Amino acid sequence: MSGESSFPTASSIPKFQPFLLPPLPVTRYNVGPHLNALPSLQPGTSTLHDLVSVLNEQPILALAGLIAAGTLLGRFQWWGISLGASGVLFAAMAMGHWGVRLPEVFTELGVVIFTYTIGLQAGPHFLRTVRRFGVSYLMLALFTLGVAWMVAFASAHLLSIDPALATGIYAGALTSTPALAASLQTLNDPTISVGYGLAYPLGVIGVVLFVQVVPRLLKIDWQQEIERSNAGSDQLQIESAWLRITNPQIEGKTIGQIEATSSSGAVISRIIDKYLAMPPQANTRLCLDQHVRVVGSEGEIKKLELLLGPREQGFKEPRSVISSATLIVTEPGICSNTLEQLQFRERYGLTISRIWRDDFEFVPRAHATLEFGDEVRLVGDEADLARIEPVLGHQAQRLNETQFLPFAVGLLVGVVLGKIPVNLSSNISLQLGMAGGPLMAGLIAGHFGRISKLNFRMPVAARRFVNDLGLILFLGGAGTEAGASFWNVVQSQGGNLLLASSMVTVAPLIAAWGLARYTFGFDALNGLGAVCGAMTSTPGLGAVTRLTDSSAPSTAYVAVYPVALLAVTILAPLLGSLL
């Protein structure tokens, strides 16, 4: 855009001279250093050039406009597909094409807080899901990323694609922003963002279409797959059942003795003796024909059923003062203490039947600890429940308080880890960088939750806000740098880039599905969920979950995603280093 400005110039504006006051200057107003920095629009000066100058001199203004434009672009949907936060990248590339630049500190701060909060989110699931589902999900994630890596490597050589562009294509086809961040930090080449921006839409659309087209082509029976998934699932679903004591060897035994000698992890939460309800204390003795309510997984309940007696499917609990309540742990004094140390049964006559933590539900044992933010289900006398509330805290508003000291310590450790060099060979040295280091620190902090007196857990709303803010800052800085050369690169080798992006997206999808379905024997639900996790594609997971009413795809996704997220962050910069 060029030509003379349509704004009035200094010469065309009549000077107004108020009574007893000197004439006001026309071209510059002495109202402060920031507004004085604004360039005046003179005849023959491009309006666009003036706007770019203003945005470069006022980075906060440029960032605010970028957030607004990128958010609007990310909300646009086509066939149910939207760019989300990545809309900021494309808006930033457009601004960068016209000459706008954001300070480098925006990009560095963004990548650090973004990857650290990603680690906090994935940390609680990482080792737990690996132990639960075994090595098959690990192999699937590494195999998928390895296939994509080899295709990107081969494409770079066969199609004569620049190493930085190939690295960006690899990260974009896998829709992995941490991989892009790690590559930029390691290789320090803004051209990587060009390849990412070109491959990212293909990566999003490719996975979403794949998970919807493949089941139709294979004529998959979803009901049959759901039954197969439920039969083979080892996920511990917490249930409850009423048992009637018929084993004469239980006569006179206390609940404490039963729980100590039983291999079951289920707990007895209520006792009914001839329509008289009793709170389950550790020293409460059991008798024949009593009804007890047990809480645990199906397998754990069956163990108690063999020990105590059969289930009573139609039993109805009589009205009593025995009740239950779900309370939130917000009192720092009891955090990190085990249930054995707290002695809720002995001191308050209450039993904790289940705990919800980080989206996981489990039946606690004596060695289990309480942590800040836990939701606990307690069973006992209504008066005792009222007494325990101030002990636990149960102040929901405290869940919204963010502790900045643990947050700052986590970021500091992540930055230090990112600076430590890792020697892969005598000629190749790699750093985790400002993406991999905070990601590793976040995984460790998220897994342990609390280290000494530092509680690294963040409120969900605060963590999501910091995560989105970091992503926007990073994409904004990376996008403006990439936008300067984007159009020239596309014009010179656009066909080869599109072909490479398509191959890096489709090849690992086909390979991963074949491995999951025909080698590991996964059902369609777990197979598709695992493929989406290996491709780090949240939109793909959303498409799978809309196909059928089952939690299996999400479970598989959570098992694979942390591994894929960490691996792709290492493999992406390695690709650029070896090309």
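Here's what I pulled together on the structure shown here. These numbers were taken from a predicted model, which means no experiment stands behind them.

Basis of the calculations
Counting restarts for each chain: residues are numbered from 1 in the order of the written sequence. The model is predicted, so local features are restricted to residues of pLDDT at least 70 and side-chain atom pairs to those at 80 or more, both for listing and for counting; the totals for chains, interfaces and linings are taken over all residues. Calculation of side-chain values draws on the structure's entire complement of heavy atoms; hydrogens and water are dropped beforehand. One speaks of a salt bridge when a side-chain nitrogen belonging to Lys or Arg is within 4 Å of a carboxyl oxygen belonging to Asp or Glu. The convention used is that axes are lines fitted to C-alpha atoms, helices contributing only their stretch in contact, and that angles between N-to-C directions extend from 0 to 180 degrees. Under the DSSP-based scheme used, a helix requires at least four consecutive residues in state H or I and a strand at least two consecutive residues in state E, with every element numbered from the N terminus. Here is the rule for angles: anything less than 35 degrees is roughly parallel, anything more than 145 is roughly antiparallel, 65 through 115 is roughly perpendicular, and the remaining ranges are oblique. What makes a crossing left-handed is the near helix being turned counterclockwise from the far one by less than a right angle; a clockwise turn instead makes it right-handed. Throughout, a residue-residue contact means that at least one pair of heavy atoms, one from each residue, lies within 4.5 Å. Any residue that is not Ala, Val, Leu, Ile, Met, Phe, Trp, Tyr, Cys, Pro, Asp, Glu, Lys or Arg is counted as polar, Gly included; the first ten are nonpolar and the last four charged. Paired strands, as defined in this entry, are two strands with at least two bridges between them according to DSSP. We call a residue buried when its accessible area falls under 20% of the maximum for its residue type, exposed when it is over 50%, and partly exposed in between, using a 1.4 Å probe and counting protein chains only.

1. Re the pattern of salt bridges
Throughout the structure, instances matching the rule amount to five salt bridges. In this structure, arginine 311 engages glutamate 305 in a salt bridge whose closest nitrogen and oxygen atoms are separated by 3.1 Å. Within this structure, Arg244, Asp289 and Glu312 form a network of salt bridges that share partners.

2. A closer look at the packing of helix α16 (residues 404-419) against helix α17 (residues 433-448)
Running from N to C, α16 and α17 cross one another at 130°; their axes reach a closest spacing of 7 Å. Comparing their axes, α17 and α16 come out oblique. α16 and α17 meet at a crossing whose hand is right-handed. Across from Gly410, Val413, Gly414, Val415, Leu417, Gly418 and Lys419 in α16, the residues of α17 making contact are Gly433, Met434, Gly437, Pro438, Met440 and Ala441. Classifying every residue of the contact of α16 with α17 by side-chain character gives seven nonpolar, five polar and one charged.

3. Brief notes about the pairing of strand β10 (residues 375-381)
In this sheet, β10 lies alongside strand β7 (residues 322-328) in antiparallel orientation, the contact comprising seven bridges. Bridge pairing in β10 places alanine 325 opposite leucine 378. Bridge count for strand β8 (residues 351-357) against β10 is five bridges, and the pairing is antiparallel. When the bridges of β10 are listed, isoleucine 352 appears paired with leucine 378.

4. Let's talk about the environment of isoleucine 245
One can find isoleucine 245 in the loop between β3 (239-244) and α11 (255-261). Given a relative accessible area of 1%, isoleucine 245 falls into the buried group. Considering only alpha carbons, one finds isoleucine 245 and proline 310, 65 residues apart in sequence, at a separation of 7.4 Å.

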